[in-house]
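Fold and contact review
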Amino acid sequence: MREPALPLKCLWTLLFALGLGLILLLLFATLEPRPLDGEALNYFPAAMLEQGRRFAREARLAATLKALASLGALAVLCFHPAGARLLTWLEARGRGRWPRQVAWVAVGVGAMAAVVELPFAYYLGHAHERAYGLTRQSAWAWLGDHLLGAAVGLVFSALLWLALYALIRRSPRRWWAGASLVMAGYSLLLAALYPVLLLPLFHQVRPVDDPQVLAMIHSLAERAGVRVEKVAELRVGDESSRLNAMVAGLGPTKQVLLYDTLLRELSPAEVEAVLAHELSHAVHADLFRGWALQAALNAAAMWLAAWMLRAMRGVSPLGLPAAHAPRGLALLMLFLSLCDIAGTPAQAALSRRAEVRADKYALELTQNPRALVQSFQKLARANPGDVAPPPLVEVLSHSHPSIIRRIRAAEGR
Ligand SMILES: [Zn+2]
(Lines give C-alpha, C1' and ligand atoms only; values in the text may rest on other atoms or scores of the structure.)
Protein backbone atom coordinates (compact mmCIF):
# COMPACT_ATOMS: atom_id res chain seq x y z
CA MET A 1 0.00 0.00 0.00
CA ARG A 2 1.19 3.50 -0.77
CA GLU A 3 0.09 7.11 -0.69
CA PRO A 4 -1.37 8.57 -3.92
CA ALA A 5 1.05 10.42 -6.22
CA LEU A 6 0.72 14.19 -6.60
CA PRO A 7 -1.02 14.28 -10.02
CA LEU A 8 -3.62 11.80 -8.74
CA LYS A 9 -4.22 13.87 -5.61
CA CYS A 10 -4.57 16.98 -7.77
CA LEU A 11 -7.12 15.31 -10.05
CA TRP A 12 -9.33 14.15 -7.16
CA THR A 13 -9.02 17.51 -5.40
CA LEU A 14 -9.94 19.39 -8.55
CA LEU A 15 -12.94 17.16 -9.23
CA PHE A 16 -14.22 17.41 -5.66
CA ALA A 17 -13.72 21.18 -5.72
CA LEU A 18 -15.62 21.49 -9.02
CA GLY A 19 -18.46 19.17 -8.07
CA LEU A 20 -18.97 20.31 -4.49
CA GLY A 21 -18.28 23.93 -5.45
CA LEU A 22 -21.03 23.84 -8.04
CA ILE A 23 -23.51 22.12 -5.72
CA LEU A 24 -22.90 24.60 -2.89
CA LEU A 25 -22.79 27.65 -5.17
CA LEU A 26 -26.23 26.69 -6.53
CA LEU A 27 -27.55 26.17 -3.00
CA PHE A 28 -26.37 29.52 -1.69
CA ALA A 29 -27.49 31.40 -4.81
CA THR A 30 -30.95 29.80 -4.50
CA LEU A 31 -31.30 30.56 -0.78
CA GLU A 32 -30.06 34.14 -0.99
CA PRO A 33 -32.89 36.55 -0.09
CA ARG A 34 -34.13 38.67 -3.02
CA PRO A 35 -37.17 40.87 -3.64
CA LEU A 36 -39.82 39.47 -6.01
CA ASP A 37 -39.26 40.17 -9.70
CA GLY A 38 -41.21 43.32 -10.63
CA GLU A 39 -41.99 42.11 -14.14
CA ALA A 40 -43.21 38.72 -12.95
CA LEU A 41 -45.75 40.54 -10.74
CA ASN A 42 -47.49 41.71 -13.95
CA TYR A 43 -48.28 38.11 -14.82
CA PHE A 44 -48.62 36.28 -11.51
CA PRO A 45 -50.00 37.07 -8.05
CA ALA A 46 -47.35 37.78 -5.40
CA ALA A 47 -48.52 34.86 -3.24
CA MET A 48 -47.94 32.45 -6.11
CA LEU A 49 -44.46 33.82 -6.78
CA GLU A 50 -43.60 33.52 -3.08
CA GLN A 51 -44.86 29.96 -2.99
CA GLY A 52 -42.99 28.98 -6.18
CA ARG A 53 -39.79 30.37 -4.79
CA ARG A 54 -40.27 28.55 -1.50
CA PHE A 55 -40.89 25.33 -3.44
CA ALA A 56 -37.69 25.84 -5.47
CA ARG A 57 -35.65 26.56 -2.35
CA GLU A 58 -36.89 23.48 -0.50
CA ALA A 59 -36.27 21.30 -3.56
CA ARG A 60 -32.77 22.72 -3.99
CA LEU A 61 -31.92 22.12 -0.35
CA ALA A 62 -33.15 18.51 -0.51
CA ALA A 63 -31.37 17.87 -3.82
CA THR A 64 -28.16 19.28 -2.35
CA LEU A 65 -28.41 17.04 0.71
CA LYS A 66 -29.17 14.05 -1.53
CA ALA A 67 -26.10 14.70 -3.67
CA LEU A 68 -23.89 15.29 -0.63
CA ALA A 69 -25.17 12.11 1.04
CA SER A 70 -24.53 9.87 -1.95
CA LEU A 71 -21.15 11.44 -2.79
CA GLY A 72 -20.22 11.23 0.90
CA ALA A 73 -21.20 7.54 1.10
CA LEU A 74 -19.16 6.74 -2.03
CA ALA A 75 -16.20 8.75 -0.71
CA VAL A 76 -16.29 6.76 2.56
CA LEU A 77 -16.32 3.48 0.58
CA CYS A 78 -13.37 4.60 -1.53
CA PHE A 79 -11.19 6.49 0.93
CA HIS A 80 -11.93 5.21 4.43
CA PRO A 81 -10.48 1.91 5.72
CA ALA A 82 -13.93 0.70 6.86
CA GLY A 83 -15.36 1.39 3.39
CA ALA A 84 -12.45 -0.39 1.76
CA ARG A 85 -13.04 -3.41 4.01
CA LEU A 86 -16.71 -3.49 2.99
CA LEU A 87 -15.81 -3.34 -0.71
CA THR A 88 -13.23 -6.10 -0.28
CA TRP A 89 -15.86 -8.21 1.50
CA LEU A 90 -18.35 -7.67 -1.35
CA GLU A 91 -15.69 -8.60 -3.87
CA ALA A 92 -14.88 -11.77 -1.95
CA ARG A 93 -18.54 -12.89 -2.29
CA GLY A 94 -17.76 -13.50 -5.97
CA ARG A 95 -15.45 -16.40 -5.02
CA GLY A 96 -12.66 -15.55 -7.44
CA ARG A 97 -14.83 -15.35 -10.59
CA TRP A 98 -14.62 -11.80 -11.94
CA PRO A 99 -18.16 -11.53 -13.39
CA ARG A 100 -19.63 -12.58 -10.04
CA GLN A 101 -17.29 -10.20 -8.19
CA VAL A 102 -18.32 -7.29 -10.41
CA ALA A 103 -22.00 -8.17 -9.99
CA TRP A 104 -21.63 -8.31 -6.19
CA VAL A 105 -19.83 -4.98 -5.98
CA ALA A 106 -22.15 -3.29 -8.53
CA VAL A 107 -25.34 -4.46 -6.82
CA GLY A 108 -23.93 -3.91 -3.31
CA VAL A 109 -22.74 -0.36 -3.95
CA GLY A 110 -25.80 0.47 -6.06
CA ALA A 111 -28.16 -0.79 -3.34
CA MET A 112 -26.25 1.14 -0.69
CA ALA A 113 -26.49 4.34 -2.72
CA ALA A 114 -30.23 3.73 -3.19
CA VAL A 115 -30.70 3.30 0.57
CA VAL A 116 -28.70 6.44 1.40
CA GLU A 117 -30.71 8.43 -1.16
CA LEU A 118 -34.10 6.98 -0.21
CA PRO A 119 -35.16 9.58 2.40
CA PHE A 120 -34.26 12.44 0.05
CA ALA A 121 -35.86 10.71 -2.91
CA TYR A 122 -39.00 10.22 -0.81
CA TYR A 123 -39.08 13.88 0.14
CA LEU A 124 -38.39 15.15 -3.38
CA GLY A 125 -40.53 12.61 -5.21
CA HIS A 126 -43.44 12.42 -2.81
CA ALA A 127 -43.62 14.37 0.46
CA HIS A 128 -42.64 17.69 -1.09
CA GLU A 129 -44.99 17.19 -4.05
CA ARG A 130 -47.77 16.24 -1.68
CA ALA A 131 -47.27 19.30 0.52
CA TYR A 132 -47.98 21.45 -2.55
CA GLY A 133 -50.93 19.37 -3.71
CA LEU A 134 -49.10 18.14 -6.79
CA THR A 135 -49.57 14.44 -6.27
CA ARG A 136 -52.55 12.27 -5.46
CA GLN A 137 -50.46 9.13 -5.13
CA SER A 138 -50.27 7.43 -1.73
CA ALA A 139 -46.88 7.06 -0.05
CA TRP A 140 -47.04 3.28 -0.58
CA ALA A 141 -47.83 3.64 -4.27
CA TRP A 142 -44.93 6.05 -4.59
CA LEU A 143 -42.63 3.61 -2.78
CA GLY A 144 -43.76 0.77 -5.07
CA ASP A 145 -42.97 2.82 -8.18
CA HIS A 146 -39.68 3.99 -6.71
CA LEU A 147 -38.54 0.48 -5.75
CA LEU A 148 -39.53 -0.86 -9.17
CA GLY A 149 -37.53 1.93 -10.82
CA ALA A 150 -34.55 1.31 -8.53
CA ALA A 151 -34.64 -2.45 -9.19
CA VAL A 152 -34.81 -1.97 -12.96
CA GLY A 153 -31.96 0.55 -12.69
CA LEU A 154 -29.86 -1.82 -10.59
CA VAL A 155 -30.24 -4.69 -13.08
CA PHE A 156 -29.47 -2.46 -16.09
CA SER A 157 -26.46 -0.89 -14.39
CA ALA A 158 -25.07 -4.27 -13.22
CA LEU A 159 -25.14 -5.44 -16.86
CA LEU A 160 -23.42 -2.24 -17.90
CA TRP A 161 -20.69 -2.66 -15.27
CA LEU A 162 -20.11 -6.25 -16.43
CA ALA A 163 -19.60 -5.00 -20.00
CA LEU A 164 -17.31 -2.24 -18.71
CA TYR A 165 -15.15 -4.63 -16.68
CA ALA A 166 -14.88 -7.01 -19.63
CA LEU A 167 -13.37 -4.05 -21.52
CA ILE A 168 -11.10 -2.97 -18.64
CA ARG A 169 -9.74 -6.53 -18.40
CA ARG A 170 -9.04 -6.62 -22.13
CA SER A 171 -7.25 -3.29 -22.20
CA PRO A 172 -6.45 -1.45 -18.95
CA ARG A 173 -5.27 1.55 -20.98
CA ARG A 174 -7.72 1.91 -23.84
CA TRP A 175 -10.91 0.56 -22.33
CA TRP A 176 -12.29 4.09 -22.12
CA ALA A 177 -12.76 4.26 -25.91
CA GLY A 178 -14.79 1.05 -26.08
CA ALA A 179 -16.61 1.95 -22.86
CA SER A 180 -17.60 5.37 -24.26
CA LEU A 181 -19.09 3.64 -27.29
CA VAL A 182 -20.92 1.09 -25.12
CA MET A 183 -22.27 3.85 -22.87
CA ALA A 184 -23.35 5.97 -25.83
CA GLY A 185 -25.05 2.96 -27.42
CA TYR A 186 -26.70 2.07 -24.13
CA SER A 187 -28.13 5.54 -23.57
CA LEU A 188 -29.29 5.64 -27.20
CA LEU A 189 -31.06 2.32 -26.69
CA LEU A 190 -32.55 3.53 -23.41
CA ALA A 191 -33.78 6.75 -25.04
CA ALA A 192 -35.32 4.74 -27.89
CA LEU A 193 -37.01 2.26 -25.54
CA TYR A 194 -38.10 4.84 -22.96
CA PRO A 195 -41.56 5.67 -24.37
CA VAL A 196 -42.40 2.12 -25.46
CA LEU A 197 -40.88 -0.02 -22.72
CA LEU A 198 -39.95 1.96 -19.60
CA LEU A 199 -42.63 4.62 -19.38
CA PRO A 200 -45.53 2.10 -19.76
CA LEU A 201 -44.22 0.35 -16.62
CA PHE A 202 -45.40 3.37 -14.64
CA HIS A 203 -48.06 5.12 -16.71
CA GLN A 204 -50.60 4.31 -19.35
CA VAL A 205 -49.45 5.60 -22.75
CA ARG A 206 -51.94 5.66 -25.59
CA PRO A 207 -52.24 7.39 -28.97
CA VAL A 208 -54.11 10.68 -28.88
CA ASP A 209 -57.52 10.13 -30.44
CA ASP A 210 -59.14 13.53 -29.91
CA PRO A 211 -60.02 14.60 -33.50
CA GLN A 212 -59.46 18.29 -32.68
CA VAL A 213 -55.92 17.63 -31.40
CA LEU A 214 -55.19 15.34 -34.35
CA ALA A 215 -56.37 17.99 -36.83
CA MET A 216 -54.15 20.51 -35.07
CA ILE A 217 -51.11 18.26 -35.33
CA HIS A 218 -51.72 17.65 -39.05
CA SER A 219 -52.11 21.34 -39.75
CA LEU A 220 -48.98 22.22 -37.74
CA ALA A 221 -46.93 19.49 -39.38
CA GLU A 222 -48.07 20.68 -42.79
CA ARG A 223 -47.09 24.28 -42.04
CA ALA A 224 -43.77 23.08 -40.65
CA GLY A 225 -43.20 20.92 -43.72
CA VAL A 226 -42.43 17.80 -41.69
CA ARG A 227 -44.00 14.38 -41.58
CA VAL A 228 -46.57 13.87 -38.84
CA GLU A 229 -44.90 12.65 -35.70
CA LYS A 230 -46.63 10.16 -33.48
CA VAL A 231 -48.49 11.90 -30.65
CA ALA A 232 -49.38 10.01 -27.51
CA GLU A 233 -51.18 10.83 -24.31
CA LEU A 234 -49.57 9.99 -21.01
CA ARG A 235 -52.08 9.29 -18.27
CA VAL A 236 -50.83 10.86 -15.06
CA GLY A 237 -54.02 12.65 -14.03
CA ASP A 238 -54.94 10.07 -11.38
CA GLU A 239 -51.67 10.72 -9.58
CA SER A 240 -50.44 14.18 -10.43
CA SER A 241 -51.66 17.65 -11.27
CA ARG A 242 -48.47 18.67 -13.07
CA LEU A 243 -48.70 19.75 -16.71
CA ASN A 244 -46.06 18.63 -19.15
CA ALA A 245 -45.26 17.63 -22.69
CA MET A 246 -42.11 16.15 -24.19
CA VAL A 247 -40.57 14.50 -27.18
CA ALA A 248 -39.38 11.01 -26.33
CA GLY A 249 -37.93 8.08 -28.23
CA LEU A 250 -35.66 7.96 -31.25
CA GLY A 251 -36.25 6.91 -34.85
CA PRO A 252 -39.29 4.64 -35.05
CA THR A 253 -40.23 5.19 -31.40
CA LYS A 254 -39.96 8.99 -31.57
CA GLN A 255 -43.16 10.64 -30.36
CA VAL A 256 -44.64 13.72 -28.79
CA LEU A 257 -45.99 12.86 -25.35
CA LEU A 258 -48.68 15.04 -23.83
CA TYR A 259 -49.81 14.67 -20.24
CA ASP A 260 -53.56 14.09 -20.02
CA THR A 261 -53.60 16.92 -17.47
CA LEU A 262 -52.26 19.28 -20.13
CA LEU A 263 -54.98 18.31 -22.60
CA ARG A 264 -57.56 18.89 -19.90
CA GLU A 265 -56.32 22.21 -18.51
CA LEU A 266 -55.15 24.05 -21.64
CA SER A 267 -57.37 25.69 -24.24
CA PRO A 268 -57.05 24.36 -27.83
CA ALA A 269 -54.93 27.38 -28.85
CA GLU A 270 -52.61 26.77 -25.88
CA VAL A 271 -52.32 23.05 -26.68
CA GLU A 272 -51.43 24.08 -30.22
CA ALA A 273 -48.65 26.35 -28.91
CA VAL A 274 -47.25 23.51 -26.79
CA LEU A 275 -47.47 21.05 -29.71
CA ALA A 276 -45.65 23.49 -32.00
CA HIS A 277 -42.93 23.86 -29.36
CA GLU A 278 -42.54 20.08 -29.08
CA LEU A 279 -42.54 19.75 -32.88
CA SER A 280 -39.42 21.96 -32.90
CA HIS A 281 -37.62 19.50 -30.62
CA ALA A 282 -38.55 16.70 -33.01
CA VAL A 283 -37.61 18.67 -36.15
CA HIS A 284 -34.27 19.85 -34.78
CA ALA A 285 -33.40 16.44 -33.27
CA ASP A 286 -32.78 18.07 -29.90
CA LEU A 287 -32.86 14.75 -28.06
CA PHE A 288 -30.11 13.50 -30.35
CA ARG A 289 -28.00 16.65 -29.85
CA GLY A 290 -28.31 16.30 -26.09
CA TRP A 291 -27.27 12.68 -26.40
CA ALA A 292 -24.23 13.60 -28.53
CA LEU A 293 -23.01 16.17 -25.98
CA GLN A 294 -23.55 13.67 -23.17
CA ALA A 295 -21.60 11.04 -25.13
CA ALA A 296 -18.70 13.46 -25.72
CA LEU A 297 -18.59 14.49 -22.03
CA ASN A 298 -18.75 10.82 -21.03
CA ALA A 299 -15.85 9.93 -23.32
CA ALA A 300 -13.73 12.69 -21.76
CA ALA A 301 -14.66 11.52 -18.25
CA MET A 302 -13.87 7.88 -19.08
CA TRP A 303 -10.52 8.85 -20.59
CA LEU A 304 -9.60 10.56 -17.33
CA ALA A 305 -11.10 7.68 -15.34
CA ALA A 306 -8.88 5.15 -17.16
CA TRP A 307 -5.80 7.07 -16.09
CA MET A 308 -7.17 7.48 -12.54
CA LEU A 309 -7.83 3.75 -12.17
CA ARG A 310 -4.29 2.82 -13.24
CA ALA A 311 -2.82 5.45 -10.95
CA MET A 312 -4.89 4.12 -8.02
CA ARG A 313 -3.17 0.72 -8.11
CA GLY A 314 -1.78 -0.10 -4.67
CA VAL A 315 -2.99 3.17 -3.16
CA SER A 316 -4.36 2.78 0.38
CA PRO A 317 -6.90 2.09 1.75
CA LEU A 318 -8.44 0.30 -1.26
CA GLY A 319 -5.11 -1.17 -2.45
CA LEU A 320 -6.28 -2.26 -5.90
CA PRO A 321 -4.00 -5.08 -7.09
CA ALA A 322 -4.77 -4.14 -10.71
CA ALA A 323 -6.84 -1.57 -12.62
CA HIS A 324 -9.47 -4.23 -13.30
CA ALA A 325 -9.95 -5.23 -9.62
CA PRO A 326 -13.76 -5.22 -9.20
CA ARG A 327 -13.76 -3.16 -5.99
CA GLY A 328 -12.40 -0.25 -8.04
CA LEU A 329 -15.97 0.02 -9.37
CA ALA A 330 -16.82 2.28 -6.42
CA LEU A 331 -13.98 4.61 -7.43
CA LEU A 332 -15.34 4.75 -10.96
CA MET A 333 -18.84 5.46 -9.66
CA LEU A 334 -17.64 8.34 -7.51
CA PHE A 335 -15.34 9.71 -10.22
CA LEU A 336 -18.00 9.58 -12.93
CA SER A 337 -20.65 11.11 -10.63
CA LEU A 338 -18.35 14.07 -9.94
CA CYS A 339 -17.61 14.45 -13.67
CA ASP A 340 -21.33 14.33 -14.36
CA ILE A 341 -21.99 17.17 -11.91
CA ALA A 342 -19.13 19.20 -13.39
CA GLY A 343 -20.66 18.75 -16.86
CA THR A 344 -24.13 19.99 -15.82
CA PRO A 345 -23.63 23.64 -16.90
CA ALA A 346 -22.68 22.61 -20.45
CA GLN A 347 -25.69 20.31 -20.76
CA ALA A 348 -28.03 22.90 -19.30
CA ALA A 349 -26.74 25.52 -21.74
CA LEU A 350 -27.34 23.26 -24.75
CA SER A 351 -30.82 22.40 -23.51
CA ARG A 352 -31.75 26.06 -22.93
CA ARG A 353 -30.65 26.91 -26.46
CA ALA A 354 -32.97 24.23 -27.82
CA GLU A 355 -35.82 25.55 -25.65
CA VAL A 356 -35.34 29.13 -26.87
CA ARG A 357 -35.41 27.86 -30.45
CA ALA A 358 -38.53 25.78 -29.75
CA ASP A 359 -40.39 28.79 -28.33
CA LYS A 360 -39.42 30.84 -31.41
CA TYR A 361 -40.50 28.03 -33.68
CA ALA A 362 -43.86 27.76 -31.90
CA LEU A 363 -44.41 31.50 -32.40
CA GLU A 364 -43.57 31.36 -36.10
CA LEU A 365 -45.81 28.37 -36.64
CA THR A 366 -48.85 29.52 -34.66
CA GLN A 367 -48.49 33.32 -34.93
CA ASN A 368 -50.22 33.38 -31.57
CA PRO A 369 -47.97 34.90 -28.88
CA ARG A 370 -50.94 35.30 -26.55
CA ALA A 371 -51.63 31.55 -26.48
CA LEU A 372 -47.94 30.82 -25.89
CA VAL A 373 -47.77 33.28 -22.98
CA GLN A 374 -50.98 31.86 -21.52
CA SER A 375 -49.58 28.33 -21.77
CA PHE A 376 -46.49 29.52 -19.86
CA GLN A 377 -48.72 31.04 -17.19
CA LYS A 378 -50.69 27.82 -16.79
CA LEU A 379 -47.52 25.71 -16.75
CA ALA A 380 -46.06 27.96 -14.04
CA ARG A 381 -49.23 27.67 -11.97
CA ALA A 382 -49.38 23.88 -12.23
CA ASN A 383 -45.64 23.22 -11.83
CA PRO A 384 -44.47 25.41 -8.97
CA GLY A 385 -40.96 26.74 -9.20
CA ASP A 386 -39.11 30.02 -9.29
CA VAL A 387 -40.62 32.02 -12.17
CA ALA A 388 -37.64 34.40 -12.08
CA PRO A 389 -34.70 32.50 -10.52
CA PRO A 390 -31.30 34.10 -9.82
CA PRO A 391 -29.48 34.38 -13.19
CA LEU A 392 -26.51 32.39 -11.88
CA VAL A 393 -28.76 29.45 -10.96
CA GLU A 394 -30.41 29.57 -14.38
CA VAL A 395 -27.10 29.69 -16.26
CA LEU A 396 -25.46 26.90 -14.27
CA SER A 397 -28.28 24.42 -13.89
CA HIS A 398 -31.61 25.08 -15.60
CA SER A 399 -32.63 23.04 -18.63
CA HIS A 400 -35.22 25.70 -19.56
CA PRO A 401 -35.00 29.49 -19.60
CA SER A 402 -36.98 30.95 -16.70
CA ILE A 403 -40.72 31.45 -17.28
CA ILE A 404 -40.34 35.23 -17.13
CA ARG A 405 -37.61 35.13 -19.80
CA ARG A 406 -39.81 32.94 -22.01
CA ILE A 407 -42.77 35.28 -21.60
CA ARG A 408 -40.59 38.27 -22.42
CA ALA A 409 -39.26 36.54 -25.56
CA ALA A 410 -42.78 35.53 -26.67
CA GLU A 411 -43.92 39.13 -26.36
CA GLY A 412 -40.94 40.27 -28.42
CA ARG A 413 -39.20 42.10 -25.59
ZN1 LIG B 1 -39.10 22.15 -24.75
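Rules behind the numbers
- Residues numbered from 1 in each chain as written.
- Predicted model: local features only at pLDDT ≥ 70, side-chain atom pairs only at ≥ 80, totals over all residues.
- Axes fitted to C-alpha atoms, helices over the stretch in contact; angles between N-to-C directions.
- Helix = DSSP H or I, 4+ residues; strand = E, 2+ residues; numbered from the N terminus.
- Parallel < 35°, antiparallel > 145°, perpendicular 65-115°, else oblique.
- Left-handed = near helix turned anticlockwise from the far one by under 90°.
- Contact = placed C-beta atoms within 7 Å.
- Pairing = 2+ DSSP bridges.
- Expected span 1.5 Å × (residues − 1).
- Bend = angle between axes of the 7 residues up to and from the residue.

Description of the packing of helix α6 (residues 175–202) against helix α10 (residues 286–311)
Relative orientation of the contacting elements α6 and α10 amounts to 150 degrees, with a least axis distance of 9 Å. On the basis of their axis angle, the class for α6 and α10 is roughly antiparallel. With respect to the hand of their crossing, α6 and α10 are arranged in right-handed fashion. Two secondary-structure elements touch here, α6 through W175, W176, A179, S180, M183, A184, S187, L188 and A191 and α10 through L287, W291, Q294, A295, N298, A299, M302, W303, A305 and A306.

Points about the sheet that holds strand β1 (residues 204–207)
The strand order β1-β2-β4-β3 describes an open sheet built from four strands, whose pairing is mixed. Each edge of the open sheet is held by one strand with a lone partner, namely β1 and β3 (245–248). Ignoring strand direction, the axes of neighbouring strands in this sheet form an average angle of 30 degrees. Summarising the sheet, β1 and strand β2 (residues 230–235) pair through four bridges and their orientation is antiparallel. Residue pairing in the sheet places R206 in a bridge with E233 of β2.

Remarks on the environment of I23
Its location among the elements puts I23 in helix α1 (residues 6–31). Leaving out residues up to four positions away in the same chain, I23 has contacts with T64, A67, L68 and I341.

Focus: α6
With 28 residues, α6 extends only 35 Å from end C-alpha to end C-alpha; this falls clearly short of the ideal 40 Å at 1.5 Å per step. At Y194, α6 shows its maximal kink, close to 75 degrees; a proline, P195, follows between one and four residues later. Those residues of α6 hidden inside the fold are in contact with α5 (139–170), β1, β3, β4 (255–259) and α10.

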